[in-house]
Amino acid sequence: IEETVRLEGYLAATLRGLLKEVQPANRVAVLQTQLSAGAGEPLQIQKVEIEDLEDKSAPLVLKTDCLVKGKFHTVGESLVGQIPAVWERFFLNAQRVENRQTPFVARYPLRIKSVITLDLPDGFTTGDMGALNREEQSSFAEWKISAADKDNALQLGFEAARGVGQYSSDQYGAYCDSIER
């Protein structure tokens, strides 16, 4: 999986802080540990390119090549599976709490935009991608996925945004549902 993630604001500052504390030779291992935990599955980062790590006024851009085993298999003449969406899962995370009793706050706005390119094995094509083009809006978040066939690869564009706000405890389940979608 080849991914490009561009971060600005609070998320860029947080990830810059993490990456700057780690020696360059160890950054792949640290990112692999963090992303595997966020994705809920093991992955192998094969390459990381970081742009503008030191320039706080510029967006932080990370380009990663990851290997995630066991996510795709053949069924008849089709290749089926689930794209792990590693970075999306890392940043869009809502931990469910049974019977939440206290209000919750989304303190910082979140806007994620990523591009995922999945190279197809020889002999396979993308087929109809209409069902992959989706979007949703709720009172907590909005997101959009767009899919395209690009040189025998599936290219997915993903955009998600979450605003700030203070919410009652009884809204937490709906918030988690929205973020998970």
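Up top is the structure.
Trainee: How should the environment of proline 84 be read in this particular structure?
Mentor: Its place among the elements puts proline 84 in the loop between β5 (78-81) and α3 (86-91). With 16 residues separating them in the primary sequence, proline 84 and valine 68 have C-alpha atoms 7.7 Å apart.

Trainee: What should I look at first to understand the sheet that holds strand β7 (residues 110-119) in this one?
Mentor: Here we have seven strands laid out as an open sheet, ordered β2-β3-β1-β7-β10-β9-β8, and antiparallel in their pairing. The open sheet terminates on both sides in strands that have one partner only, identified here as β2 (44-51) and β8 (134-137). Across the sheet, the axes of successive neighbouring strands diverge by a mean angle of 15 degrees, strand direction being ignored. As judged from the six bridges shared by strand β1 (residues 2-7) and strand β3 (residues 60-67), these two strands associate in the antiparallel manner. Counterpart to threonine 4 in the pairing with β3 is lysine 63. In the packing of helix α1 (residues 9-20) onto the sheet, contacts are made with β1, β2, β3 and β7, and the angle to β3 comes to roughly 65 degrees.

Trainee: What is the right way to look at the environment of threonine 117 in this model?
Mentor: Inspection of the secondary structure puts threonine 117 in strand β7. Along the primary structure threonine 117 and arginine 134 are separated by 17 residues, whereas in three dimensions their C-alpha atoms are 17 Å apart. Filtering out sequence-adjacent residues up to four positions away, threonine 117 remains in contact with Ile1, Glu2, Ala153, Leu154 and Gln155. At 3.3 Å, the side chain of threonine 117 forms a polar contact with the side chain of glutamine 155.

Trainee: Is there a simple way to think about α1 in this case?
Mentor: What sets the pattern is the α-helix's 3.6 residues per turn: residues three or four places apart point alike. If you check α1, its first and last C-alpha atoms are 16 Å apart, about what 12 residues at 1.5 Å a residue would give, namely 16 Å. Among all positions of α1, only Leu11, Ala12, Leu15, Arg16 and Leu19 are buried. Projection of α1 onto a plane perpendicular to its axis shows the buried side chains occupying an angular sector of 130 degrees, all on one side.

Trainee: Sorry if this is basic, but what is going on with the nonpolar core here?
Mentor: In globular proteins that are soluble, nonpolar side chains generally tend to be buried together. Core analysis: the largest hydrophobic core is formed by 34 residues, its most contacted members being Leu7, Leu15, Leu62, Trp87 and Tyr175. With seven residues, the next largest nonpolar core counts Ile83, Ile116, Ala147 and Leu156 among its residues.

Trainee: When you look at unusual backbone geometry in this model, what are you seeing that I'm missing?
Mentor: Comment: phi is negative for the bulk of residues other than glycine, and the bulk of peptide bonds are trans. In the Ramachandran plot, asparagine 99 falls in the positive-phi region, its phi being about 55 degrees despite a non-glycine side chain. On the secondary structure map, asparagine 99 appears in the loop between α3 and β6 (104-106). For asparagine 152, which is not a glycine, the phi torsion comes out positive at approximately 55 degrees. For asparagine 152, the position within the fold is in the loop between β9 (141-149) and β10 (153-162).

Thresholds, definitions, all that
- Residues numbered from 1 in each chain as written.
- Predicted model: local features only at pLDDT ≥ 70, side-chain atom pairs only at ≥ 80, totals over all residues.
- Heavy atoms only, no water.
- Helix = DSSP H or I, 4+ residues; strand = E, 2+ residues; numbered from the N terminus.
- Pairing = 2+ DSSP bridges.
- Axes fitted to C-alpha atoms, helices over the stretch in contact; angles between N-to-C directions.
- Contact = heavy atoms within 4.5 Å.
- Polar contact = N/O pair within 3.5 Å; in protein donor to acceptor, adjacent residues only side chain to side chain.
- Expected span 1.5 Å × (residues − 1).
- Buried < 20%, exposed > 50% of the residue type's maximum accessible area, 1.4 Å probe, protein only.
- Arc of directions from axis to C-beta.
- Core = buried A, V, L, I, M, F, W, Y, C linked by side-chain atoms within 4.5 Å.

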